[in-house]
Amino acid sequence: MAGPTGRGDSLGAALNDLLRSQVTARHRLSSYNAKHWHAQLSQLTGTHRGHQALDEAGLDVTVKTLLNWLSDPECNIRRSYRDLIHTAYENVAIVPADPIPDHIRRGQYEISGVVKTGDDERTRGTPDANPLRIDGTRGRWDEIEELWLAGELTDDEFEDHFIDDVIVEDIGEGTDGWEFPGAAYTVEVR
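A brief look at the structure comes next.

About the thresholds
- Residues numbered from 1 in each chain as written.
- Predicted model: local features only at pLDDT ≥ 70, side-chain atom pairs only at ≥ 80, totals over all residues.
- Heavy atoms only, no water.
- Helix = DSSP H or I, 4+ residues; strand = E, 2+ residues; numbered from the N terminus.
- Buried < 20%, exposed > 50% of the residue type's maximum accessible area, 1.4 Å probe, protein only.
- Contact = heavy atoms within 4.5 Å.
- Areas by Shrake-Rupley, 256 points an atom, 1.4 Å probe, with all protein chains shown as cover.
- Arc of directions from axis to C-beta.
- Phe/Tyr/Trp six-rings, centres within 6.5 Å; stacked < 30°, edge-to-face > 60°.
- Axes fitted to C-alpha atoms, helices over the stretch in contact; angles between N-to-C directions.
- Parallel < 35°, antiparallel > 145°, perpendicular 65-115°, else oblique.
- Left-handed = near helix turned anticlockwise from the far one by under 90°.
- Nonpolar A, V, L, I, M, F, W, Y, C, P; charged D, E, K, R; others polar.
- Core = buried A, V, L, I, M, F, W, Y, C linked by side-chain atoms within 4.5 Å.
- Patch = residues over 30% accessible without salt bridge, like charges linked within 9 Å, V, L, I, M, F, W, Y side chains within 5 Å.
- Salt bridge = Lys/Arg side-chain N within 4 Å of Asp/Glu carboxyl O.
- Lys, Arg positive; Asp, Glu negative; His and termini not counted.
- Charge placed at Lys NZ, Arg CZ, Asp CG, Glu CD.

Of regular secondary structure, the protein chain possesses eight helices and seven strands. Burial statistics for the protein chain: of 190 residues in total, 42% are counted as buried. Long-range pairs, those at least 24 residues apart, make up 75% of the contacts in the protein chain with a sequence separation of at least 6. Accessible surface computed for the protein chain: about 10,700 Å², of which carbon and sulfur atoms make up 46%.

Written out as structure tokens, the structure reads:
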């Protein structure tokens, strides 16, 4: 039975596609695009989550002050208050990434596409060559997850860390390192 699968024009792109199909990536809510403190405050005070974010950011003003601010977009408020409103707004606007699940960390990977180590370059996952099989349980996933949670796991970063922290940890350096110079990859987790 086939497991979760990712596809891409590089190994890193296929890995990111796989991960994004399994968990939510860090992202910004499209409805949170206000620039001015008044618009941000108006949007925040319209929801319970927004009020909570204002409290967590440390905005401590009376209801009367809050109503005065909301009624006058030209009101001149202290920079420290504008900073707190902006912080609360960003905290609500950004949806954190889900952690990398155990079935991804502990999965058995099958990589199809061009794989090169030393002088050996071949297309894996064809009738003539099995996919490259990697045991994810032997990998070191901490740096990959740190980048993922920060929203900074680019395709290139994922590929580099997967090679160094998962492939090398499982089967070693290869003849002369591992390269994935192809233009189409499929990664399946079993």
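So, about the environment of Gly 182. Mapped onto the secondary structure, Gly 182 falls in the loop between helix 8 (155-171) and strand 7 (185-189). Ignoring any residue separated from it by four or fewer positions in sequence, one finds Gly 182 in contact with Asp 9 and Val 114.

Quick look at helix 2 (residues 37-44) now. Among the residues of helix 2, Trp 37, His 38, Gln 40, Leu 41 and Leu 44 are the ones counted as buried. Along helix 2, the residues classed as buried sweep out an arc of 160 degrees about the axis, all on the same side. Residues of helix 2 that are buried in the fold lie against helix 3 (48-57), helix 4 (63-71) and helix 5 (79-93).

Looking now at the packing of aromatic side chains. Going through the model one piece at a time under the given rule, you end up with seven aromatic pairs. A ring pair is formed by Phe 180 and Tyr 185, whose centres lie 6.0 Å apart and whose planes are at 70 degrees; its orientation type is edge-to-face. For the pair formed by Phe 180 and Tyr 185, the shared burial category is buried. Aromatic ring contacts, followed pair by pair, group Trp 37, Trp 69 and Tyr 81 into a single cluster.

This part takes up the packing of helix 2 against helix 5. At a closest axis distance of 9 Å, the pairing of helix 2 and helix 5 adopts a crossing angle of 50 degrees. Judged by the angle between their axes, helix 2 and helix 5 are oblique. When you trace helix 2 past helix 5, the crossing you get is left-handed. On helix 5, the residues that touch Trp 37, Gln 40, Leu 41, Gln 43 and Leu 44 of helix 2 are Arg 82, Ile 85, His 86, Ala 88, Tyr 89 and Val 92. A class-by-class count of the residues in the contact of helix 2 with helix 5 yields seven nonpolar, three polar and one charged.

A separate point is the nonpolar core. Counting residues in each nonpolar core, the largest one holds 32 residues, and the members touching the most others are Tyr 109, Ile 111, Phe 162 and Phe 180. Counting only elements with at least two residues in this core, the list comes to helix 1 (11-22), strand 4 (108-117), strand 6 (132-135), helix 7 (142-149), helix 8 and strand 7. Per-element accounting of this core gives the leading share, six residues, to helix 8. Apart from the residues lying within four places of it in its own chain, the contact partners of Phe 162 are Leu 11, Leu 15, Tyr 109, Ile 111, Trp 141, Ile 144 and Ile 167. In terms of nonpolar packing, the next biggest core, distinct from the first, is built from 18 residues, Tyr 32, Leu 44, Ala 57 and Ile 77 among them.

A few words now on a negative patch on the surface. Together, Asp 9, Asp 142, Glu 143, Glu 146, Glu 152, Asp 155, Asp 156, Glu 157, Asp 160, Asp 164 and Glu 173 give the surface a local cluster of negative charge. Broken down by secondary-structure element, the contributors of at least two residues to the negative patch are helix 7 and helix 8. Top contributing element to the negative patch by residue count: helix 8, with five residues. Along the chain, Asp 142 falls in helix 7.

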